[in-house]
Amino acid sequence: MFKFIQKSSKKAGSPPGELVHVGKKRSEKIKISLIDYDEERLEEKKVKVITDVFPFKESPTVTWINIDGLHDMNVVKKIGEHFDIHPLVLEDIVHTGQRPKMEDFEDYLFITLKMLSLDKKTNEIEAEQISLVMGNNFLISFQEREGDVFDAVRDRLKGNKGRIRKAGVDYLAYTLVDSIVDNYFSILENLGDKLEDLEKELLEEPDEKTRQAIYKIKREMIFVRKSIWPLREVINGLMRGDISLIQDTTIVYLKDVYDHTIQVIDTVETFRDMTSGMLDSYLSSISNKMNEVMKVLTIFAAIFIPLTFIAGVYGMNFEFMPELGWEWAYPVWWIIVIALGIGMVIYFKKKKWM
Amino acid sequence: MFKFIQKSSKKAGSPPGELVHVGKKRSEKIKISLIDYDEERLEEKKVKVITDVFPFKESPTVTWINIDGLHDMNVVKKIGEHFDIHPLVLEDIVHTGQRPKMEDFEDYLFITLKMLSLDKKTNEIEAEQISLVMGNNFLISFQEREGDVFDAVRDRLKGNKGRIRKAGVDYLAYTLVDSIVDNYFSILENLGDKLEDLEKELLEEPDEKTRQAIYKIKREMIFVRKSIWPLREVINGLMRGDISLIQDTTIVYLKDVYDHTIQVIDTVETFRDMTSGMLDSYLSSISNKMNEVMKVLTIFAAIFIPLTFIAGVYGMNFEFMPELGWEWAYPVWWIIVIALGIGMVIYFKKKKWM
Amino acid sequence: MFKFIQKSSKKAGSPPGELVHVGKKRSEKIKISLIDYDEERLEEKKVKVITDVFPFKESPTVTWINIDGLHDMNVVKKIGEHFDIHPLVLEDIVHTGQRPKMEDFEDYLFITLKMLSLDKKTNEIEAEQISLVMGNNFLISFQEREGDVFDAVRDRLKGNKGRIRKAGVDYLAYTLVDSIVDNYFSILENLGDKLEDLEKELLEEPDEKTRQAIYKIKREMIFVRKSIWPLREVINGLMRGDISLIQDTTIVYLKDVYDHTIQVIDTVETFRDMTSGMLDSYLSSISNKMNEVMKVLTIFAAIFIPLTFIAGVYGMNFEFMPELGWEWAYPVWWIIVIALGIGMVIYFKKKKWM
Amino acid sequence: MFKFIQKSSKKAGSPPGELVHVGKKRSEKIKISLIDYDEERLEEKKVKVITDVFPFKESPTVTWINIDGLHDMNVVKKIGEHFDIHPLVLEDIVHTGQRPKMEDFEDYLFITLKMLSLDKKTNEIEAEQISLVMGNNFLISFQEREGDVFDAVRDRLKGNKGRIRKAGVDYLAYTLVDSIVDNYFSILENLGDKLEDLEKELLEEPDEKTRQAIYKIKREMIFVRKSIWPLREVINGLMRGDISLIQDTTIVYLKDVYDHTIQVIDTVETFRDMTSGMLDSYLSSISNKMNEVMKVLTIFAAIFIPLTFIAGVYGMNFEFMPELGWEWAYPVWWIIVIALGIGMVIYFKKKKWM
Amino acid sequence: MFKFIQKSSKKAGSPPGELVHVGKKRSEKIKISLIDYDEERLEEKKVKVITDVFPFKESPTVTWINIDGLHDMNVVKKIGEHFDIHPLVLEDIVHTGQRPKMEDFEDYLFITLKMLSLDKKTNEIEAEQISLVMGNNFLISFQEREGDVFDAVRDRLKGNKGRIRKAGVDYLAYTLVDSIVDNYFSILENLGDKLEDLEKELLEEPDEKTRQAIYKIKREMIFVRKSIWPLREVINGLMRGDISLIQDTTIVYLKDVYDHTIQVIDTVETFRDMTSGMLDSYLSSISNKMNEVMKVLTIFAAIFIPLTFIAGVYGMNFEFMPELGWEWAYPVWWIIVIALGIGMVIYFKKKKWM
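Predicted, not measured: the structure shown is a model, and the values here were computed from it. (Residues numbered from 1 in each chain as written. Chains lettered and ligands numbered in written order. Predicted model: local features only at pLDDT ≥ 70, side-chain atom pairs only at ≥ 80, totals over all residues.)

Visitor: Quick one: what's the story with the overall build of chain A, residue by residue and with numbers?
Guide: Counting its regular elements, chain A contains nine helices and seven strands. Computed over the C-alpha atoms, the radius of gyration of chain A is 34 Å, more than 25% above the 20 Å expected from 2.2 N^0.38 for a compact globule of 354 residues. The C-alpha extent of chain A, read off along each of the three principal axes, is 120 × 45 × 30 Å. Out of the 354 residues in chain A, the part that is buried amounts to 45%. Considering only intrachain contacts with a sequence separation of at least 6, the fraction spanning at least 24 residues in chain A is 68%. (Helix = DSSP H or I, 4+ residues; strand = E, 2+ residues; numbered from the N terminus. Rg over C-alpha atoms; globule rule 2.2 N^0.38 Å. Buried ≥ 20, exposed ≤ 12 C-beta atoms within 10 Å, placed from the backbone. Contact = placed C-beta atoms within 7 Å.)

Visitor: Could you give an account of the interface of chain E and chain A, naming the residues involved and the relevant values?
Guide: Tallying the contact residues gives 54 residues for chain E and 48 residues for chain A. Counting residues per element, the ones that place at least two in the side of chain E that touches chain A are α3 (151-159), α4 (169-204) and α7 (248-313) of chain E. The greatest single-element share of the side of chain E that touches chain A, amounting to 32 residues, is contributed by α7 of chain E. For the side of chain E that touches chain A, the per-class residue count stands at 22 nonpolar, 20 polar and 12 charged. (Nonpolar A, V, L, I, M, F, W, Y, C, P; charged D, E, K, R; others polar.)

Visitor: Mind laying out unusual backbone geometry, listing which residues take part and the relevant values?
Guide: The phi torsion at Asp84 of chain B lies on the positive side, around 60°, for a residue other than glycine. Examined against the element boundaries, Asp84 of chain B turns out to sit in the loop between α1 (73-82) and α2 (87-94). With a phi angle near 60°, Lys352 of chain E is a residue other than glycine that sits in the positive phi range. The residue Lys352 of chain E is located in the segment after α9 (329-350) in this model. The exposure class assigned to Lys352 of chain E is exposed, which follows from the 10 C-beta atoms found within 10 Å.

Visitor: Describe the pairing of strand β3 (residues 62-68) of chain C, and please don't skip the residues or the numbers.
Guide: Residues and elements named next belong to chain C. Counting buried positions along β3 yields six of seven residues, so the element is predominantly enclosed. As judged from the six bridges shared by β3 and strand β7 (residues 138-143), these two strands associate in the parallel manner. The residue of β7 that forms the bridge with Thr63 is Phe138. (Pairing = 2+ DSSP bridges.)

Visitor: Explain the interface of chain B and chain C residue by residue, including any values.
Guide: Each partner contributes to the interface: chain B provides 53 residues, whereas chain C provides 48 residues. With 32 residues, helix α7 (residues 248-313) of chain B is the single largest residue contributor to the side of chain B that touches chain C.

Visitor: Before we move on, can you summarise the sheet that holds strand β6 (residues 124-134) of chain B with the specific residues and values?
Guide: Adjacent strands of a sheet form backbone hydrogen bonds with each other and so pair up, either parallel or antiparallel. Residues and elements named next belong to chain B. The strand order across the open sheet formed by seven strands is β2-β1-β3-β7-β6-β5-β4, and the pairing between neighbours is mixed. The open sheet has two edge strands, β2 (42-47) and β4 (101-104), and neither has a second partner. Neighbour to neighbour, the strand axes of the sheet diverge by 20° on average, direction disregarded. For strand β1 (residues 31-37) and β2, the ladder comprises six bridges, and the chain directions are antiparallel. Considered in β2, the bridge of Tyr37 is made with Leu42. This element, helix α4 (residues 169-204), spans β3 (62-68), β5 (109-119), β6 and β7 (138-143) of the sheet and lies at about 30° to β5. (Axes fitted to C-alpha atoms, helices over the stretch in contact; angles between N-to-C directions.)

Visitor: Tell me about the relation of the copies chain E and chain A, residues and numbers included.
Guide: Superposition of chain E onto chain A requires a rotation of 72° combined with a translation of 0.0 Å along the rotation axis, giving an RMSD of 0.1 Å. The transformation just described matches what one would write down for a five-fold rotation axis. Proximity to the rotation axis, assessed at the C-alpha, singles out Gly315 of chain E in chain E; its C-alpha lies 4.6 Å from the axis. In this assembly the copies use different faces: only 19% of the residues contributing to the interface of chain E also contribute to that of chain A. (Least-squares fit on C-alpha atoms with pLDDT ≥ 70 in both.)

Visitor: Lay out the domain arrangement of chain A in plain terms, naming residues and giving numbers.
Guide: Its domain assignment divides chain A into domain 1 (31-284) and domain 2 (287-350). Here domain 1 of chain A and domain 2 of chain A have C-alpha centroids that lie 72 Å from each other. (Domains from an automatic or database assignment.)

Visitor: Lay out helix α6 (residues 231-238) of chain B in plain terms, naming residues and giving numbers.
Guide: Residues and elements named next belong to chain B. For α6, every residue scored as buried is listed here: Leu231, Val234, Ile235 and Leu238. End-on, the buried residues of α6 take up no more than an arc of 85°, which puts them together on one face. On the buried face of α6, the contacting elements are β4, β5, α5 (208-228) and α7. (Arc of directions from axis to C-beta.)

Visitor: Tell me what's going on with the sheet that holds strand β6 (residues 124-134) of chain C, and back it up with residues and numbers.
Guide: All names here are of chain C. Across the sheet, seven strands lie side by side as β2-β1-β3-β7-β6-β5-β4; this open sheet has mixed pairing. The sheet is open, and its two borders are formed by β2 (42-47) and β4 (101-104), each paired with just one other strand. Ignoring which end each strand starts from, the neighbouring axes of this sheet average 20° apart. In this sheet, β3 lies alongside strand β1 (residues 31-37) in antiparallel orientation, the contact comprising seven bridges. Each residue of the ladder has a partner; that of Lys31, found in β3, is Asp68. Where helix α5 (residues 208-228) meets the sheet, its contacts fall on β5 (109-119) and β6, and the angle it forms with β6 comes to roughly 5°.

Visitor: Any details on the relation of the copies chain B and chain C? Residues and values, ideally.
Guide: Expressed as a screw transformation, the operator carrying chain B onto chain C has a rotation angle of 72° and an axial translation of 0.0 Å, and the superposed copies differ by an RMSD of 0.1 Å. A different interface surface on each copy is seen, since only 19% of the contact residues of chain B are contact residues in chain C too.

Visitor: Lay out the packing of α7 of chain B against helix α9 (residues 329-350) of chain B with the relevant residues and their values.
Guide: Residue and element names in this part refer to chain B. The geometry of α7 relative to α9 is characterised by a closest axis approach of 10 Å and an angle of 160° between their N-to-C directions. Put simply, α7 runs roughly antiparallel to α9. When you trace α7 past α9, the crossing you get is right-handed. Facing Ile299, Ala302, Ile303, Pro306, Leu307 and Ile310 of α7, the residues of α9 in contact are Val337, Leu340, Gly341, Met344 and Phe348. Counted by class, the contact of α7 with α9 contains 10 nonpolar, one polar and no charged residues. (Parallel < 35°, antiparallel > 145°, perpendicular 65-115°, else oblique. Left-handed = near helix turned anticlockwise from the far one by under 90°.)

Visitor: Tell me what's going on with the environment of Leu42 of chain E, and back it up with residues and numbers.
Guide: Residue and element names in this part refer to chain E. Checked against the element boundaries, Leu42 lands in strand β2 (residues 42-47). Sequence spacing of Leu42 and Asn160 is 118 residues, and the spatial spacing of their C-alpha atoms is 9.2 Å. Dropping the residues within four chain positions of it, Leu42 is found in contact with Ile35, Tyr37, Leu157 and Lys158.

Structure (C-alpha cells):
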C-alpha cells in the first residue's frame, strides 16, 4: 500500500541543497533519452553519458531531455551545474514526495507534479513524481522510473501531428502536463468503477468485506486528492501571464488544462461525498441486519420459552397434582399451548416483526 | 443510474482540439433547426445540410441555430470552421461531461451548462450538456439529444410576446439560460416531494427501503449540486459588464437569473442539510427499534427462564424430596411462581420497559 | 409543516416580468392602508381602490402604503406602472419564496425579507415574505396576508414618539426592518425554550418522541437559518453608504440592526451546534439503554440457564443414577445450585453489570 | 444553567434607543466607584449620586468610573446625557446579551465584551457583560453586578506599578481588556481540567454519567466560544491604528492582547476537537461493552441450551427408550455432555470470545 | 500526557511585561553557549555569566547565543536590557505556551515556534518552545531545556560546510527554523508508522485497545496540528520581503522552508482524514462483530429452544398420554427432532447466517 510520507529522516540535518535521494535504493542505470526538433526535422536518441546532452542547451531547436531514474546523484548534479539550476530545485527533484508546485526563476521554470498510475496486479493507485525544468529552448523531465504517459506525445512529435512541432518549448511543457492530467481521468474512471461495484454490494449484501473495501477506497481518495489538489494553484500560476517563458498563445491551452484540473478535483470531491454517503448507508444497513437477527431470536425465544415452562410444569413429580389424572388433560394442554403460540405469532405480526 | 464521470479514456492522449465524441454511440441523423428573426418577421426551418445555415452568419437579423445530437463530428467541425470557433471549444462541446463554464473570446461567447430532466419511467434525474456559442447576431445551441426546455421560448418568439423579438441575441441567450434555470425549480420540487415522502416514512415506519431511498436521494443531491454549483460563477461572469457582446439592458435580466441560481443553490444546500438530518434520525430510529425488540426479548426471557428452572427443580427424580409429598405443595408452588412473575412485571414496569 | 420550496412549475416558461402569483389561491379582497405624515400632522386611512393612493406619490410628506395580499395581479400591476417599478421587481414581489435581497434602482430601493411568526395552534414557525419599495418620499410594503409585527411602529407614528416623525422615509424603512429583526428574537426565544425542554428530556428519559422532537427542531432551525442568513448581506448593502436614498444619519441605526442580525445569526448557529450535540447525546443514551437491557437479559440467562440444566440432569429417567438414591442428594443439590447462583452474582458484580 | 438567549420580547417594539433593562429584576442600589489619577497623585472614592462624577469629565487627569449594576435606568440615562453618549450605545449597555463589539464615535470609543467567571458552587461558567466607554480622559465601565477581575489593575494603579500611571486612558482601557482576556485562561484551565478528568473516565469506566458530562462540557464550550470568538475582531479593530483616541505606543500592547485572544480561541477550538474525539471514543466504548455483554450471553446460552436439550431427552417418559435401562448410560451421558461443553469452549476460544 | 494549556493563573493580573516563568519549577543552572564566526574563523565557548556575551553585541562577526533553560528570570531580564528587547517579547519568551508567531521590531526580529520531539520512553510527542531574537549580527535562541535539533547546524558551522559561514545572521536563523521544520518530518514519520500499525490492527483484530490507540493518536494529531499550523503564517511573514533584517538572497531559502511547512501541514491534514476514516471503520467493524455474535446466539437459541420444548412435552407426567406407550415413539421422536434441526440449519443457511 502507498505511503503518505516519504522516509526522509536520513536527510534531516543535511545542509539545504545537498542531494540525497530518498526513494528506494536502486542499482540499474539511469536512462536518458533526447528528442530534438523544430518544424522541419526531428532527431531522437538514447544518451549514454549525460554530457552528451549539454551541447543542446544552446541549440536553437527545441530539445526534450527525459531522465528515467533519480538515484544517480552524479547525473542530477552535472545537469544542475550545466543548466544553472538552483541547488534547492535539484533537491526537490531527487527528494520525491514534494507537493506539486511551480517556481519561476526567470531563466527557467520549475514544475513538479504527480503522475498517477494503476498497479496492474494489485489494482492499486501509485504515484510517481515528475519534475519539469523548462528553459528557453530545452525541457528536462525527471521521472522516478521508466514508463510514463507520454507515448502519445512522442508519437505526435514524430508524426508531426497538430501544432506541437510548430510551437515552442512552452507548448511541449503544456502537452506533458496535459497528458498527466488527462491520465487522471482514467484513474478516476477506475475509482468510479470501484465505487459502482461498492454501490451494488451495498444495495444487495453488504458484509465485512464491504467495510474494508470502503475503507480502502476512502484511503485511495485521500491519496489521489493530496496528489491532485495543489495542481490547481500550479496551473493557475502558469496561466497568470506574468511568466516570460510562456507565450500568450499557449495560455488558452493552459486554461483548458486548468478546466480539466478543476473537473478532476470536482469529481474527486464528488467521490468523497459519495463514499461518505456509502459509509453512512453501510452503517445503517448493519444496524438493520442486526435488527433482523434480533427479531428472529426474540420471536423464537418469546414463543418457546413460555411453552417450555408450561411443559415443565407438568413434568413435575408432585404427588398431588390433580391435572395429571384428568382424562382430557393432555389434549387440552396441547390446545392451550397451540393457542398461546398462535397468540404470540399474531402479536409479532401486529408489531411487524414477522 | 447516472454516472459521475464520462468514460473518456479512449480520448486520453489525442492532441488537444481533436474531436472525439465521448457519449453513447448513436446512429440517427443530427437534427438542425433554425429560427431567424427580427422585430418584423420570423422564419423557422429544419435544415438538412449544415452548410445551409452558413449564409445566416452575416445576416443582420438574429439567428438561432439549434443542433440536436453531437455524434457527427463532421457537422461540428464544419460549424467550427465557418464560424471561426476555437478547436478547444469544439472539443468541449462534443466532450460532454464538462463543468458548466463561460468563456469570452471577444468575437463570440461560449457557455456550457447542464440541462436537468426527469426520466419519466424511473423518476430519476438526468443531465444533458447544453452548449451555447453566441456571436454578434447568431446563437448556436448544441444539445446531446432531442427534447429540451425551450418550447416556451420558441412560442414566445413566434407569438412575439414580451421583449424577446425586440431585443438582441444576448437577450435570446439569457432567455435560454433562464429557461434552464427555471427548469431546475421543477427538479427541486420533485426532490422536495421525495424528501417529504421520506419524512413521512421516517416518522411512521422506517425500514430497509427507507435506507436505500435516503441513499439514493443523497446521491441525486450530490449529482444535482455538481451540475448547478458552478453556474453561479458562470452567470456572475456574464453580468460583470466587461463582455462586449452583452448589452447593458440585458444585465438586469442576468441579475434576475443570478438570483434564481442562488436560490436554487440555497435550496439544494437546504435539502442536503435535511437529508443528513434524516439519516441521523433514521439511524436513531433503528436503534430505538432494536431497543424495543431487546426489551421484549428480555422481558420474556427474564420472566420465564427462572420459572422454568423452578419447574425443573420439581421435575427431578431424587428419592428423598420431601416437598413432593406435601399435600399443598402444588398450589403453593403455583402461588410462588405467579408471585415471582408478577414481581418481575412490576420490576419491568418500574424500569419503563413495559 | 412549512415547505422549503414554492411550487412554481406553473410559472416556468413564462416570460420574465410576467406576474403569476405562486402562493395559495385566495379570494378575499386585498387590503390597502395608507399613513401619510410629516412632523406636524398624520393622516391614516383605509383605501378601497388602488388609484386613490397615486396622488401621494408626489406629495412632499412621507407616505407609507401597506398592501396585505398579493393574489390580485391587477393591483400590483397598477402600482408598478404608476410608481415606475421594474417588471422583474413586481415579479419578485408576487413570486413569494424569494431569498432576502436588496436592490438599488437609483429612483427607488427594493428590499425583500422574511417575517417569521409562530402559528399559535401548532407552535410551528411560519414565514411570510415582506417586500418594501422605498422611493423618495413614499414606502410601499407588500405582505402576503393580514397581521404583522408593525403595530408598535404605527403606534409610535401616531403617538409621535422618538425620531420617527421627524426623520425621512429611509428611517421609516429602517424601523420596519428593525421590527422584523426584533421579532426574530422572540422566535429564537421560542426555539430556545424548546431546546431547553429537549435538554431536560435528554437528561431524564429520552425516547422515540425525543428523536422526533430533535428532528423537528433541526428542521425548523434549517428553515429559520435559510430565512435569516441572507439578511446580513442585505443590511450590509444598505449601510455601505453608496445608496443615495439613505441619509447618513440613518446609517448608525442600520448599523444597530446589522448588529442585531449578526446576533440572531450567531444564536441560530449556536442552536445548531447545540442540536447536533443533543443528537449525539441522544444516540449514546440509546446505546447506553440498550446496554442496560442487554445486561439484565444476560444476567438472567447466565444465572438460570446453567441451573436449569442441572435440574434437567436429575430429571432424567436413567435406571442407574446413583445420586438419585442418596439420602442427602436433594439438599446437597440445592447447596450447589445456590452456590453457583451466588458465584454468578459475584462475577457480574465484579464486572459492574449489577 | 446559562441561557443562550436573553429574554427580550418585552423589549420588542419599543423605539430604538429606549432603555429597557432585560436582565433579572434587582433592587439593590447601583454601586459607583471612581478612581482619578495622574502620574503624581491618585484619588479613589465611592460615589453616592451619579452627578458627583460629572465634574471629572473635563478634568485633565485620567478618570475611571466603574458602575456595578445596570437595573437603574436613571443613572445610565444621566451618564448618557452628560457624557454625550448615543442612545443606541446606552441601549446596548443595558441590554445585556450583546455580541462583543467595538464602535468608534470619534469623541468616544465604545467596547462591549463578556467577562467569564466560575460559579464556585456549581463549578459552571457564567458570563457578565462589561461595557467600556472611553473618552478623551475618562473611562466608564459598566458591569451587571459587583465583583470583577480588575482588582489587580486597581492595585497596580494604587501601587503605581509599571507604566499604568504614566500612560493615558487608552492604556487603562487596554489594561481592563487585558485583565478580562487573561481571565479567560483560568476559565480554559478549568475546562481543561474537566476534559482531563473526562479523558481518564473514558479510558477506565465510561458510563451514563460520562455521557452527560461530555454533553455538558460541549455545551459550555459552545457558550465560551460564542463569548470569545467575536473578541478577535474587536481587538483587531482597536489596533488597526485609525482610531484617534488610541495612541501609537498603546498599539504594541494591544497586539499582545490580540495574540492572547488568538491563543484563547485556538485553545477553545482544540478543546472542541478533543471533545468531539471523546464523544466518538465514548460511543465506540459503549459498543465495545455491549459486545462484551453479548459475548457472555452467547457463550452461556450456546453452551447450556444444547446440554439442557440433551438432559431433556432423557427426562422423557416414553416406555420404550432402550438407553434408559443401559447400565453405563448415565456416566456415558456425562462424558458426552462434558465433551460437548469443552468443544464449545474451544470453539469460542478460537473465535476469541473468551 | 501533554497538556493543551499552560497553567498560567498565577500569572493573571500581573502587569504586562512582568516576567513570570510558567513552566515547571527547576533548579539546575541555565546553560549559555556562544558561537561567534565569520567566513575566516569560528569561536565556540560555554559562558558562565551572562554579561560575558554582551561585548559580542557590537562585534562585526555573527554571534549565536544559545540559552538552555528559562527559569532564571535574572538572565532573561539582563539580556533584555542589554539587547534592548521589548518587555512583552521577554514575557513571551519565558511564558512558554505561545502560539508560533513572528514580530518585526525594525532593530530586531522575534520568532517563536515549537520544537517537537519524541519521548523515547513513552513514545509520545513533546513540544518545547524555541524563541529566536535576531539582531543585526547576533541571534539569541532560547530553549526550555537542554537537547535540541541543532547539532547538525553546529557541525556545519564548525566544518564550514555549505553557505552557512559565508552568509549572514539571517541565514543562520533560516537554518535553525529549517532544522526544526525538517525535524517535524521525523515526527510525522513516527505518527505515520503508528497509523500503519493501527491500519493493520483494524483489518485484522480490532478491539478495545484499538479504540484507545485511535483516540490517543487523534489527540496527538490535534496537538501537532496546533503546534505547526501557525508556522505557515510565520514563515510567510518572513519571506514577504519587507523585513529589512532579511536579505533578498535568503528569501529563496525561506520559500523552501515554506514549501516544507505546507507539506507538513498537508500531511497532518491527510493523517487527520485517515484517522477519522479509521474511526468510522472501527465503529462499523464493532457493529459487524456484534452481528456475528448475535447470529451465533440466535442460531443456537432458535434451534435448541424449540427442540427442548418438544423434549419437555414428553417429559410430562400426564396419565393419559397415548404417545408414551407407542413402541416406535422414541425413534420417531428423534426423527422429528433431527428433521426440525436440519430444517432450521437450512433456513439459516438461506439467510446467510451460517
